[in-house]
Amino acid sequence: MRKDTLRQKGVIFALLVFISLSACLVASGSIMIAELSRSLNALFAKADAPHFVQMHAGTIDEADFDDFASGNPLVKKKQIAEMLLVDGSNITIGSGAATEKTSVMDHYFVKQNRSFDLLLNLDNEPVRVSPGSIAVPVYYMQRKNLNVGDKVALAGASFRMDLTVSDFVRDVQMNPSIVHSKRFVVHEADLDTLAKNLGETEYLIEFQLTNPGKLSEFRQAYESSGLPGKGPNVDDRLFKMLHAITDGMVAAVIILVSLLLNIIALLCIRFTILAVVEEDYREIGVMKAIGIGQRDIKKMYLLKYVALAAFGCAIGYAASLFLKPLFTSNMMLYLGTAPGSFLPQLIPFVAAAVIFFIIVSFCRFILRKFDRISAVEALRSGNVGESRIHAAFLPLHRTKRVHVPLFLGIRDVLQRFKMYRLLLFIFCICSFMAIVPLHFLNTVQSPDFIKYMGIERSDLRIDMQQADIGAFHSIVDYIKNDPDIERFSPKVTSRFEVVREDGIRENMTVETGDFSMFPLEYVQGGPPLRDEEIALSYLNGKELGKQVGDRLRLVVHGQEKEAVVSGIYQDVTHGGRTAKAIWPFRPETALRYEVSLDVKPHIDVGAKTDEYAKAFYPARVTDLKGYLTQTFGGTIRQLKLFTMIAFAVALFVAILITSLFLRMVLAKDETQIAIMRSIGFSFNHIRTQYLARTLLPLGIGIILGTVVANTLGERMAGALMSFMGAARIEFAIDPVQAYLVCPLIFTLVVAIAALLSLLSIEKTSIARIIAN
């Protein structure tokens, strides 16, 4: 084994790299999933998370709340948490002079809860603040690079309060960037002062249940009780899903790339074993002829690959532990570190061990070829024999005006396609590995990604909460008379009752308006176009068991109305349970108002955002191009890093495979090369032949990899996003990157690797072969 390893140093090194990379990535992905699960459970346990939360903007009668809780056997604990909503234009975070008026976040100032739903510090202990201090969400710590001692200023017309950052907050409800509400913890005395000068009071009505499995039953009981509900209600399952979105996606993509690398490693091992068997064909025949058992011969060859797989997986496992901080840093910031356990070391070890057993099992399968080797045939022929297309295939003398070396290279690929298909398939996988993360990153960064979040694609969006119908009409009239606006669509979100099949009524948040102007991404069907139609969010449709064409009974302004489901759209806002219709609304039912609008092509969106923010204060005016940066900034940063890593790994694999393959082919064709040299072929002619043999499979592999990435890769991305409410996704493809830059980089890198590998041709000659 030692001599064989020294003889094939390049091959062994390449295989070791593939196995190590595959084991490292699958172990890293498993570490992320394990740590995500452990840290999330630990955070929820430390914070004593609520099972059901109803947000409410308006007055509240605590006696009614207490009566409901005492009469419901499912209630274990209850509390009403008061929050002070302060407009972003009144808040300055950190040393910058700019306020948070363009932020998509709702800024809530609260005191620490006493019963449950505790707000935690970076040590996952309940945060405590003194007068004059403030604990800021980790979202702002990361986004604004805050440190303890920095300032947060709150200012109104004749009021100002400067608070010092004393800690940072982990919040089981509002931690993730995709949740557009953030809680700042201040001292009770400071909160009372703020409430007298700034903001509006809202409430979180929270429950812990004796049996969390009966959450749906409790939700129905609450919604049919008539208790306050001017806002969305959410539950702990949704909290966990929103926490897991970012790191869960990255972990899944890492594991996918590791499996692709493992496929490449297996294909290379197969090619290597078959090449070694062909090279040692006569020796294997001799061993069989002198009585060495077939099982013993297999063990001799298998031992090398068992040792190689064990060493490679051990390197990969060790590397995954070393790289753990890189992959889990964002997760640890938002969730904290779970208590010590052997699982973080055991799970990646098991993952690497699975890769080891897959490789060894595959080697055993390939070595079954020894069963078909006859000692007599091996001693007689001395080689396995290679199937070729008939010599008459594409005869050279019948071709006209063709570059002979190029023609011979292409013909050899077609004649020995069984051998070159390995190279083609691996180039296809490399292309897939590089393009899918790139497409996914471009999709998440694309402005159209907003459509998957249940939000219409537009230049600007204006949101008004706790506003009256008069203010809403004033804003609509202002926009209608603005010559800079190309189109706009006002909408009102109200709450209606839906009658389930069992007759139970529950509340449903319904957005009313014209949805044909700014379309969403629909999984099924389309927007409501007639008065009797309604579109449901994916989660609502799933829970109600409704599809396109089904009928739904609702109570609209006191009268029961039957509506036909026109479409199912993707949405994770407001608990993922929303609907859209074109019915008229009544002011007393309105929860919030919004306007989506596009400006004319020559108008500066930023300037229009500033104008409307001043004119429509305290309404929130959002530039939707910046929406994704604030919502998915952390996800995008992680995806960018991993996209670069995946692309670099794909290029590295292509270089190693090219070098490995050409090394084996040149060894196999040494006699043929010497004959070509003796009859007058120059080194450049021979290089051209072998360069064509490499670049033709590369070109076909890139085309196939691109097609598969745009089809199968898109479906895989959709499956990855389905758990967050976006059940179907279409890649936003940059044609310059995907169809020009990536293929050119691959072609250039593979061509250079091939030319360097072909330098050894100059040493080949008839005299050298005869001497050997």
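Residues numbered from 1 in each chain as written. Predicted model: local features only at pLDDT ≥ 70, side-chain atom pairs only at ≥ 80, totals over all residues. Heavy atoms only, no water.

Let's talk about the overall build of the protein
Here is the rule: Strands are runs of DSSP state E lasting at least two residues, helices are runs of H or I lasting at least four, and both sets are numbered from the N terminus onward. Pairs of residues are marked as contacts when any of their non-hydrogen atoms sit within 4.5 Å. In this description, accessible areas are obtained by the Shrake-Rupley approach with a 1.4 Å probe, and a residue is regarded as covered only by the protein chains that are shown.
When helices and strands are tallied, the protein shows 21 helices and 20 strands. Of the contacts made within the protein by residues no fewer than 6 positions apart, 81% connect residues no fewer than 24 positions apart. Here the protein displays about 33,200 Å² of accessible surface, and carbon together with sulfur accounts for 58% of that area.

Let's talk about the confidence of the model for the protein
Test applied: Here pLDDT means the predictor's own confidence in every residue, given as a number from 0 to 100.
For the protein, the average pLDDT comes to 80, and 88% of its residues sit at 70 or higher. Model confidence for the protein, summarised as mean pLDDT per element, is weakest for helix H11 (residues 375–381) at 50 and strongest for strand S5 (residues 133–137) at 93.

Notes on helix H3 (residues 62–71)
Definition in use: Using a 1.4 Å probe on the protein chains alone, a residue whose accessible area is under 20% of its type maximum counts as buried, one over 50% counts as exposed, and one in between counts as partly exposed. An arc is given here, and it is the one of the directions from the helix axis to the C-beta atoms.
Along H3, the positions that sit buried rather than exposed are Phe65, Phe68 and Ala69. Each buried residue of H3 sits inside an arc of 95 degrees when the element is viewed along its axis, so together they form one side. Exposed side chains of H3 directed beyond 90 degrees from the buried face belong to Asp67, Ser70 and Gly71. In this structure, the buried residues of H3 make contact with strand S2 (75–86), strand S9 (200–209) and helix H6 (215–223).

A few points about the packing of aromatic side chains
Geometry of an aromatic ring pair is reported as the spacing of the ring centres plus the angle between the planes. So the rule is basically this: A pair of Phe, Tyr and Trp rings is counted when the ring centres sit within 6.5 Å of each other, with Trp represented by its six-membered ring. The angle between the planes then sorts it: under 30 degrees is stacked, over 60 is edge-to-face, the rest tilted. The rule is short: NZ of Lys or CZ of Arg within 6 Å of the ring centre and within 35 degrees of the ring normal puts a charge over the ring.
Tallied over the full model, the rule gives 20 aromatic pairs. The interplanar angle of 80 degrees and the centroid separation of 5.3 Å between the aromatic rings of phenylalanine 52 and phenylalanine 218 together place this pair among those described as edge-to-face. With phenylalanine 52 in strand S1 (residues 52–56) and phenylalanine 218 in helix H6, the pair connects residues that are 166 residues apart, well separated along the chain. Measuring from centroid to centroid gives 5.6 Å for phenylalanine 52 and tyrosine 222, while their planes differ by 55 degrees, and the two rings are tilted. Of the two residues, phenylalanine 52 sits in strand S1 while tyrosine 222 sits in helix H6, which places them 170 residues apart along the sequence. The exposure class of phenylalanine 52 is buried, given its relative accessible area of 0%. Here tyrosine 222 falls in the buried class, since its relative accessible area comes to 2%. Note that lysine 182 overlies the ring of tyrosine 139, its terminal NZ or CZ placed 5.3 Å from the centroid. Above the plane of the ring of phenylalanine 44 lies lysine 240, whose end atom (NZ or CZ) is 5.4 Å from the centre.

A short note on a nonpolar patch on the surface
Here is the rule we go by: Surface patches are drawn from residues lacking salt bridges whose relative accessible area is over 30%; two like charges belong together within 9 Å, two nonpolar side chains (Val, Leu, Ile, Met, Phe, Trp, Tyr) within 5 Å. A pair is scored as a salt bridge if a Lys or Arg side-chain nitrogen falls within 4 Å of a carboxyl oxygen belonging to Asp or Glu.
There is a patch of nonpolar side chains on the surface, built from Phe342, Leu343, Leu346, Phe349, Val350, Val354 and Ile358 and spanning about 600 Å² of accessible area. Among the structural elements, leucine 346 can be located in helix H10 (residues 343–366).

Some details on the pairing of strand S13 (residues 505–513)
Condition: Only strands that DSSP links by at least two bridges are regarded as paired with each other.
The element S13 is extensively covered by neighbouring structure, given that seven of its nine residues are classed as buried. As paired strands, strand S12 (residues 485–499) and S13 are joined by nine bridges and run antiparallel to one another. Note that in S13 the partner of phenylalanine 496 across the bridge is methionine 508. Two successive antiparallel strands, S12 and S13, enclose a turn made up of five residues, where glycine 503 displays a positive phi of approximately 90 degrees. Sheet topology places S13 next to strand S18 (residues 578–581); four bridges connect them, and they run parallel. Opposite glutamate 511, over in S18, you have lysine 580 as the bridge partner.

Re the pattern of salt bridges
Under the defined criterion, the tally for this structure stands at 26 salt bridges. Two residues, glutamate 533 and arginine 530, come together in a salt bridge whose shortest N-O distance is 2.6 Å. For arginine 530, a relative accessible area of 47% puts it in the partly exposed group. For the salt bridge of arginine 553 with glutamate 560, the shortest nitrogen-to-oxygen distance reads 3.3 Å. Through salt bridges with shared partners, one network takes in Asp482, Asp484, Lys608 and Glu611.

A short note on a negative patch on the surface
Here is the rule we go by: Counting rule for charge: Lys and Arg are taken as positive, Asp and Glu as negative, and neither His nor the chain ends is counted. Charged side chains are reduced to one point each, which is NZ for Lys, CZ for Arg, CG for Asp and CD for Glu.
Negative charge collects at one region of the surface, where Asp61, Glu62, Asp64 and Asp67 lie side by side. Take aspartate 61: it is sitting in the loop between S1 and H3. Note on aspartate 61: relative accessible area 41%, which makes it partly exposed.

A few points about the sheet that holds S2
Strands in a sheet are paired, the pairing made by backbone hydrogen bonds, and the direction either parallel or antiparallel. Convention followed: Fitted lines through C-alpha atoms give the axes, limited to the stretch in contact for helices. The angle between two N-to-C directions lies from 0 to 180 degrees.
With respect to topology, 10 strands assemble into an open sheet ordered S3-S6-S7-S5-S8-S4-S2-S9-S1-S10, the strand pairing being mixed. The outermost strands of the open sheet, each flanked by one partner alone, are strand S3 (91–93) and strand S10 (233–235). Averaged over all pairs of adjacent strands, the angle between their axes in this sheet comes to 30 degrees, without regard to strand direction. In terms of strand pairing, S2 meets strand S4 (residues 106–110) through three bridges, oriented antiparallel. If you follow leucine 84 over to S4, its bridge partner there is phenylalanine 109. Contacts between H3 and the sheet are confined to S2 and S9, with S2 contributing the most and set at about 150 degrees to the helix.

Description of the nonpolar core
Selection criterion: Here the nonpolar core consists of buried residues drawn from Ala, Val, Leu, Ile, Met, Phe, Trp, Tyr and Cys, with membership extended through side-chain atoms lying within 4.5 Å.
If you look at the biggest cluster of nonpolar residues, it comprises 174 residues, and the most contacted ones within it are Phe109 and Ile264. Looking at which element gives the most residues to this core, the answer is helix H17 (residues 624–668), with 22 residues. Setting aside chain neighbours within four positions, we find phenylalanine 109 in contact with Met83, Leu84, Val86, Ile91, Ile134, Leu154, Phe184, Val186, Leu191 and Leu194. Listed in part, the 21 residues of the second largest apolar core include Ile479, Tyr593, Val599 and Ala613.

Considering the packing of helix H2 (residues 9–47) against helix H9 (residues 294–335)
Let me state the cut-off plainly: Crossings are sorted by hand: turned counterclockwise from the far helix by less than a right angle, the near helix makes the crossing left-handed, and turned clockwise it makes it right-handed. Basically, the charged four are Asp, Glu, Lys and Arg, the nonpolar ten are Ala, Val, Leu, Ile, Met, Phe, Trp, Tyr, Cys and Pro, and anything else, Gly included, counts as polar.
At a minimum axis separation of 5 Å, H2 and H9 run at an interaxial angle of 35 degrees. For the pair H2 and H9, the crossing hand works out as right-handed. Looking at side-chain class alone, the contact of H2 with H9 contains 26 nonpolar, seven polar and three charged residues.

Some remarks on unusual backbone geometry
Apart from glycine, the bulk of residues carry a negative phi angle, and the bulk of peptide bonds sit in the trans form. One non-glycine residue, aspartate 48, adopts positive backbone phi at about 55 degrees. Note that aspartate 48 resides in the loop between H2 and S1. Aspartate 48 gets classed as partly exposed once you look at its relative accessible area, which sits at 24%. For asparagine 124, which is not a glycine, the phi torsion comes out positive at approximately 60 degrees. Along the chain, the position of asparagine 124 falls in the loop between S4 and S5. A residue is classified by how much of its surface remains accessible, and asparagine 124, at 7% relative accessible area, is buried.

Some details on the packing of H9 against H10
In plain terms, the rule: Angles are sorted into four bins: roughly parallel if under 35 degrees, roughly antiparallel if over 145, roughly perpendicular if 65 to 115, and oblique for all others.
The interhelical angle for the contact between H9 and H10, taken along N-to-C directions, is 155 degrees, at an axis separation of 9 Å. Put simply, H9 runs roughly antiparallel to H10. Note on packing geometry: the crossing formed by H9 with H10 is right-handed. On the side of H9, the interface is formed by Leu302, Tyr305, Val306, Ala309, Ala310, Cys313, Tyr317, Ser320, Leu321 and Lys324, while H10 contributes Pro344, Gln345, Pro348, Phe349, Ala352, Ile355, Phe356, Ile359, Val360, Cys363 and Arg364. The residue inventory of the contact of H9 with H10, partitioned by class, reads 17 nonpolar, two polar and two charged.

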